[in-house]
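Results of the structural survey
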Amino acid sequence: MIFAPPQHGKSELASVRFPAYWLARRPDDPVIVTSYAASLAYSKSRQARQVVEGDEFRDVFPSIATNRESRAVDHWELEPPKRGALLAAGVGGPITGHGAMLGIIDDPVENWEQAQSETYRNRAWDWYRGTFRTRIWEDGAIVLIMTRWHEDDLAGRLLARDEGEWTVLRLPA
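These notes cover the structure that comes with them. Keep in mind it's a predicted model, so treat the numbers as computed, not measured.

Time to look at the side chain of Arg49. Along the polypeptide, Arg49 turns up in helix 2 (residues 38–52). Here Arg49 is buried and forms no salt bridge, its nearest opposite-charge partner Glu53 lying at an N-O distance of 4.3 Å. Ignoring anything within four residues of it in the chain, the contact list for Arg49 reads Thr66, Arg71, Ala72, Val73 and Trp76.

So, on to unusual backbone geometry. Residues Pro80 and Pro81 are joined by a peptide bond in cis, for which omega reads 15°. With respect to the helices and strands, the residue Pro81 is situated in the loop between strand 4 (75–78) and strand 5 (85–90). Phi is positive for Asp107, which is not a glycine, with a value near 55°. With respect to the secondary-structure elements, Asp107 resides in the loop between strand 6 (100–106) and helix 4 (112–115).

Below, the discussion takes up the packing of aromatic side chains. Summed over all chains, the structure comprises six aromatic pairs. Their ring planes at 70° and their centres at 6.3 Å tell us that Tyr21 and Phe61 sit as a pair that is edge-to-face. Note that Tyr21 is positioned in helix 1 (residues 10–25) and Phe61 in the loop between helix 3 (55–60) and strand 3 (66–72), a separation of 40 residues in sequence. Joined through ring pairs, the aromatic side chains of Trp125, Trp127, Tyr128 and Phe132 make up one cluster. The aromatic ring of Phe3 is capped on one face by Arg148, whose charged end is 5.1 Å from the ring centroid.

Analysis parameters
Residues numbered from 1 in each chain as written. Predicted model: local features only at pLDDT ≥ 70, side-chain atom pairs only at ≥ 80, totals over all residues. Heavy atoms only, no water. Helix = DSSP H or I, 4+ residues; strand = E, 2+ residues; numbered from the N terminus. Buried < 20%, exposed > 50% of the residue type's maximum accessible area, 1.4 Å probe, protein only. Lys, Arg positive; Asp, Glu negative; His and termini not counted. Salt bridge = Lys/Arg side-chain N within 4 Å of Asp/Glu carboxyl O. Contact = heavy atoms within 4.5 Å. Phe/Tyr/Trp six-rings, centres within 6.5 Å; stacked < 30°, edge-to-face > 60°. Lys NZ or Arg CZ within 6 Å of the ring centre and 35° of its normal.

See below:
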């Protein structure tokens, strides 16, 4: 888990650069990137795809390329025979039917007001347990990046339930 205030650069590193690096090092292990809004997840997916398709990336990882027939912003794949791919969706969005070795949740709530809603917190928790978590393969990894707006947010519930199972990086304002 990575906790930091808004506009701290956490998404650039964890939702753009890290998935590209992951796919370069583990080209058969798909990634799911989610955020409070599908449009934000799509933006991160587009940026990660641009990194993978960039000249600098190709210089370092010459055997990794995107599949020209699968470049949609919500789901793009690496060139076969590699099985790596990136799927992007909003919290509560369509990820059923897909699996991944790495799952990233980047800001599951949009702002302070939304985080104060018990209904929304419950919805995010139910989505995590019933949909997101079930898509991560055995021995897979989950990265949760967020600004902590409420003690009973997704991170708070996970830390209470799975005490000691998470590595937490706190970057205060």
